[in-house]
Amino acid sequence: SQEPVPCRPAHLLPVDPPTVRGFGQAPKPQPARSSSQQQGAFLQQARPCLWAIALSLSLLGIGFLGLGLRIWQLQGRSRAERIGVFRELIRRTPLPALPLPPELLKQPPAKLLASWRVPNPMDPEFALQEHDFEVALLEVPLSAELLSDRVDEDDELRLPIHQGEATIESQQDLPSELRRSRLYRASVPADRLLPSEVLSGTSSNISLEEGLTGQLEIYLPDGRLLLRHTLEALRWKQAGALVVEQHVLGRLCYALPPDGGPWDGALVSDCEHGRGNPVYLPREQFAREGGREVEVVLRGRMDPYVHASEVTRGCSNCFGKAYGEVASSDQALSCGSIRDTISGGAHADAGVIPRMLSWLEPVPRPGRCFGPPQRRFQAQGLFCLSLAFLVAAADEVLSRRRDQRLKLFISLALFLLLSAIAAYAG
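Parameters and conventions
What you see as residue numbers is a count from 1 along each chain, following the sequence as written. Totals for whole chains, interfaces and linings use all residues, but because this is a predicted model, local features are given only for residues with pLDDT of at least 70 and pairs of side-chain atoms are given and counted only at 80 or more. With hydrogens and water set aside, each side-chain value is computed from the structure's full complement of heavy atoms. Working definition: helices are DSSP H or I runs of at least four residues, strands are E runs of at least two. Numbering for both runs from the N terminus. Remark: exposure states derive from per-residue accessible area (1.4 Å probe, protein chains only) relative to the maximum for the residue type, with buried under 20%, exposed over 50%, and partly exposed in between. In this description, contact between two residues means that some pair of their heavy atoms is separated by no more than 4.5 Å. The protein chains shown are the only cover counted for residues, whose accessible areas, like all others here, come from Shrake-Rupley with a 1.4 Å probe. By definition, disulfides here are pairs of cysteine sulfur atoms that lie within 2.5 Å. Take the residue count of a helix, subtract one, and multiply by 1.5 Å to get its expected span. Salt bridge, as applied in this entry: a Lys or Arg side-chain nitrogen positioned within 4 Å of an Asp or Glu carboxyl oxygen. In protein, a polar contact requires one atom able to donate a hydrogen and another able to accept it; more generally it is a pair of N or O atoms within 3.5 Å, and residues adjacent in sequence count only if both atoms are side-chain atoms.

Caption draft 1: How the structure looks around the overall build of the chain. The helix and strand tally for the chain stands at twelve helices and eleven strands. Per-residue burial for the chain yields a buried fraction of 42% across its 426 residues. Put simply, of all contacts in the chain between residues at least 6 apart along the chain, 69% involve residues at least 24 apart. When the accessible surface of the chain is totalled, it reaches about 23,900 Å², and 57% of it is carbon and sulfur.

Quick look at the structure:
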């Protein structure tokens, strides 16, 4: 008996009977696709990727907007917190914050006497050579150039700075006497502090192979000792992975407590965050650059410059002008490492995800050492959302649609882009 043939509706196409291929018979070749068909198939496969990109950009934009609107906050201080801490530190500072005993704060002397003693490498008995110089008082108003930051219209608390000759006055402002950095500074030619044979490298004294030790002493006008520091004027330091070369003293900076002293220079605080004291430079650099000066700086431990360096993690002293219009010997001498300056190394030893998220934090940047304003995060969020709508519009184009959705996506993308530009510019 024959099996019944299944009925098939008339509106459907007939089904071809299965072909039986014999043993060893090659399969029937399929017709090749045209280039337009291949391109269309590729575009259809790319559409899910476009929507995934658009979704990722949308989530990133919402995250930035949340930071900008302070709905949530990552680890690390924000700009407002840094400014608030800086203002409070200045407000609690005794007036003025100088590296002097309390009885000299009201009428600080214009100059301090300093003495430097170093052995003469050309003397058979290695006799001491003494050089005297003066350390002069310098007063620098807190400015945008000194702090490497400026007042922003979105700041809840303003930076206590001067802008040119005009000072911002408001109920938030601190007394003008507190908005100044006072220090004692001297720039002494290197050939006055160190023998020329040491600077040029022509000395053959074998004792130089172990270093050259000198002693710095700074005295008050009445003859009392304020600071003494015994240190190496010539030191062997690592200059590369497998390179060790001689370095020469280039800068000394001390942050002294307001207790009068005398102080041991090896035990007092440094002036800048992430920058040790003393600072050395390669001797070859001294030999190439004739007339280089050695910088000696005395600051108060409560000086606004020192506070700013701590709050900004070394950014202000690295990118700001520490002495106002007075040129320094070398800006790099007061600048710490790039990691300490920019991000403080907070995520250097962290895992992969914390390091990926660290760039979202409002860390100090050159020109914005107290952190970026909140509107910068708002601008970044709006920009990411505009890119998301542009990707969605591209998907509509690939699907060959020309309906109202395409116009809507393009309009929203342009609106958000203009909003991002306006928010960034303030």
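Now that the structure has been shown, the text picks up again.
Caption draft 2: Structural detail: the state of the cysteines. Scanning the model with the defined rule gives two disulfides in all. Between the sulfur atoms of Cys253 and its disulfide partner Cys271 the distance amounts to 1.9 Å. When the S-S torsion is -95°, as for the bridge of Cys253 with Cys271, the disulfide is left-handed. With Cys253 in strand S8 (residues 244-256) and Cys271 in the loop between strand S9 (263-264) and strand S10 (279-282), this pair connects stretches of sequence that are 18 residues apart. For Cys253, a relative accessible area of 1% corresponds to the buried category.

Caption draft 3: Highlighting helix H2 (residues 79-91). An ideal rise of 1.5 Å per residue puts 18 Å on 13 residues; H2 measures up with 18 Å between its terminal C-alpha atoms. Tucked into the core, H2 has its buried residues touching helix H3 (144-147) and helix H7 (304-311).

Caption draft 4: Representation of the pattern of salt bridges in the model. Under the counting rule described, the total for this entry stands at 20 salt bridges. The partner of Glu103 in a salt bridge is Arg224, and the shortest N-O contact between them spans 3.1 Å. Here the residue Glu103 occupies a position in the loop between H2 and strand S1 (111-119), and Arg224 occupies one in the loop between strand S6 (212-219) and strand S7 (225-238), the gap between them amounting to 121 residues. Residue Arg180 is joined to Glu139 by a salt bridge in which the shortest nitrogen-to-oxygen separation is 3.0 Å. Of this pair, Arg180 sits in strand S5 (residues 180-189) while Glu139 is found in strand S2 (residues 128-141), placing the two residues 41 residues apart along the sequence. Because the salt bridges share partners, they merge into one network encompassing Arg79, Asp149, Asp152, Asp155 and Arg368.

Caption draft 5: Examining the side chain of Ser316 more closely. If you trace the backbone, Ser316 turns up in helix H8 (residues 315-319). Of note is the side chain of Ser316, whose polar atom sits 3.4 Å from the backbone nitrogen of Ser309. The contact partners of Ser316, leaving out residues within four places of it in the chain, are Leu146, Leu147, Ala308, Ser309 and Cys369.

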